[in-house]
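What follows is each chain in one-letter form.
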Amino acid sequence: MAEQLLEGKNVLVMGVANKRSIAWAIAVFLKKAGANLAFTYQSERFKDKVGRMAEGLEPGAPLFPCDVGIDAEIDALADALGKKWTKLDGLVHSLAFAKKEELSGMFAETSREGFLLAQEISAYSLVAVTKRLYPMFSEGGSIITLTFLGSQRVVPNYNVMGVAKASLEASVRYLANDLGPLGIRVNALSAGPIRTVSAKGVSDFNKMLDGMEEKNPLRRLVPAEEVAGSALFLLSDLSTAVTGNILYADGGYHIMGV
Ligand code: NAD
Ligand code: IMJ
């Protein structure tokens, strides 16, 4: 059944760095559902690795560089993708960045530069990429981004990223309103903590994972492969009535009080 869900659909996946990336787990799932995939990578440093992974999953899959901090690279991505595909049906935005020094200690110590950088890469990038790519969604489609509960609640050390994710989630609502008339849906998927490069080195991460597992209604953490199931739902025609939503794929953790 899931084999047919994305048959004939073209989906661009942004944010694969390695096999642990949430974007990668999503790509693997989308492929199983029959999607045609294209990938972007952040910089030369990731080119060979992401290229090999993409080639293994889908031989000949289009692959483009795109540092979302550089408008010219987003323009070049849109041009290059337009030459490969005549239409786009799905976009996975799975990337974020803040300076490491802003992700511990007091949020009150956040620098102006660090605040703006987190906003630029982690929130504005969704707007920037959508702005260039929505004209390619000629038959409508679905855009998803990845977010985290730290946007709504204070999560220790998440700091400037929490504020950037709040901005990202609000951007999802404004984009959903703009693009709804074109049949393009925009949603965010709020994942629980997952051990990826982006979670590496987070102070007390292991302690936090233990605490969250105990408190979680499902009494377990949710791996990227399960988040991918919700991504498939949001990208497929099963969710044609869903837009502007924040879907929690966190085992229910977000409902808990104490
Ligand atoms: P990851 O490190 O594998 O992915 C982050 C990606 O962001 C990388 O591919 C990196 O190349 C990309 N990136 C950073 N700066 C960029 C730039 N300037 N231009 C282009 N790409 C850039 O980690 P992940 O955990 O898979 O993170 C993916 C998304 O999931 C992020 O938005 C993150 O906030 C979100 N998320 C992660 C968790 C978690 O616990 N790991 C939980 C909820 C949400
Ligand atoms: C990140 C920092 C602090 C607490 C955190 C996280 N918790 C979780 C994460 C509790 C789950 C991971 N997460 C949800 C993210 O969105 C991570 C974003 C991120 C991570 C890094 C680490 C390396 C770096 N910059 C980063 N920028 C963004 O230099």
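This one's a predicted model, so the numbers in the text were calculated from it and none came from an experiment.

Participant: Explanation requested: the site of ligand 1 in the structure shown.
Facilitator: Close to ligand 1 lie 26 residues, the nearest being Ser21, Gln42, Ile194, Thr196 and Ser198. A distance of 3.2 Å separates an oxygen atom of ligand 1 from a polar atom in the backbone of leucine 95. Here an oxygen atom of ligand 1 sits 2.8 Å away from a polar atom, N or O, in the side chain of serine 198. Protein contacts shield 93% of the accessible area of ligand 1, which totals 820 Å² for the unbound molecule. Looking at side-chain class alone, the shell around ligand 1 contains 16 nonpolar, eight polar and two charged residues.

Participant: Is there a simple way to explain the side chain of threonine 130 in this structure?
Facilitator: Positionally, threonine 130 belongs in helix α4 (residues 112–133). Take threonine 130: its relative accessible area is 2%, and that puts it in the buried class. With sequence-adjacent residues up to four places away left out, threonine 130 is seen in contact with Ile143, Leu175 and Leu179.

Participant: Mind showing me how you'd approach the packing of helix α1 (residues 22–32) against helix α2 (residues 44–57) here?
Facilitator: A packed helix pair is summarised by two numbers, namely the angle formed by the two axes and the spacing between the axes. The N-to-C vectors of α1 and α2 enclose an angle of 20°; their axes lie 11 Å apart at closest approach. When the axes of α1 and α2 are compared, the pair comes out roughly parallel. Both α1 and α2 take part in a crossing whose hand is right-handed. Within the contact between the two elements, α1 uses Trp24, Ala27, Val28 and Lys31 and α2 uses Met53, Ala54 and Leu57. When the residues that make up the contact of α1 with α2 are grouped by side-chain class, the tally is six nonpolar, no polar and one charged.

Participant: What is the right way to read the sheet that holds strand β3 (residues 63–65) from this model?
Facilitator: Two modes of strand pairing occur in sheets, parallel and antiparallel, and in both the strands are linked by backbone hydrogen bonds. Spatially, β3-β2-β1-β4-β5-β6-β7 is the arrangement adopted by the seven strands of the open sheet, whose pairing is parallel. Strand pairing shows two members of the sheet lacking a second neighbour, β3 and β7 (246–249), which therefore form its edges. Ignoring which end each strand starts from, the neighbouring axes of this sheet average 20° apart. As defined by bridge partners, strand β1 (residues 10–14) adjoins strand β2 (residues 36–41) across five bridges and the pair is classed as parallel. Across the sheet, the residue bridging to methionine 14 is threonine 40, located in β2. Those strands touched by helix α5 (residues 159–179) are β4 (90–93), β5 (141–147), β6 (184–191) and β7, and its axis lies near 170° from that of β5.

Participant: Got a minute to help me understand the packing of aromatic side chains in this structure?
Facilitator: Aromatic rings considered in pairs are described by the distance between their centres and by the relative angle of their planes. Scanning the model with the defined rule gives two aromatic pairs in all. Ring geometry for tryptophan 24 and phenylalanine 39: centres 6.2 Å apart, planes at 35°, overall tilted. Note that tryptophan 24 is positioned in helix α1 and phenylalanine 39 in strand β2, a separation of 15 residues in sequence. Judged by relative accessible area, phenylalanine 39 falls into the buried class, the value being 0%.

Calculation rules
Residues numbered from 1 in each chain as written. Chains lettered and ligands numbered in written order. Predicted model: local features only at pLDDT ≥ 70, side-chain atom pairs only at ≥ 80, totals over all residues. Heavy atoms only, no water. Near = heavy atom within 4 Å. Polar contact = N/O pair within 3.5 Å; in protein donor to acceptor, adjacent residues only side chain to side chain. Areas by Shrake-Rupley, 256 points an atom, 1.4 Å probe, with all protein chains shown as cover. Nonpolar A, V, L, I, M, F, W, Y, C, P; charged D, E, K, R; others polar. Helix = DSSP H or I, 4+ residues; strand = E, 2+ residues; numbered from the N terminus. Buried < 20%, exposed > 50% of the residue type's maximum accessible area, 1.4 Å probe, protein only. Contact = heavy atoms within 4.5 Å. Axes fitted to C-alpha atoms, helices over the stretch in contact; angles between N-to-C directions. Parallel < 35°, antiparallel > 145°, perpendicular 65-115°, else oblique. Left-handed = near helix turned anticlockwise from the far one by under 90°. Pairing = 2+ DSSP bridges. Phe/Tyr/Trp six-rings, centres within 6.5 Å; stacked < 30°, edge-to-face > 60°.

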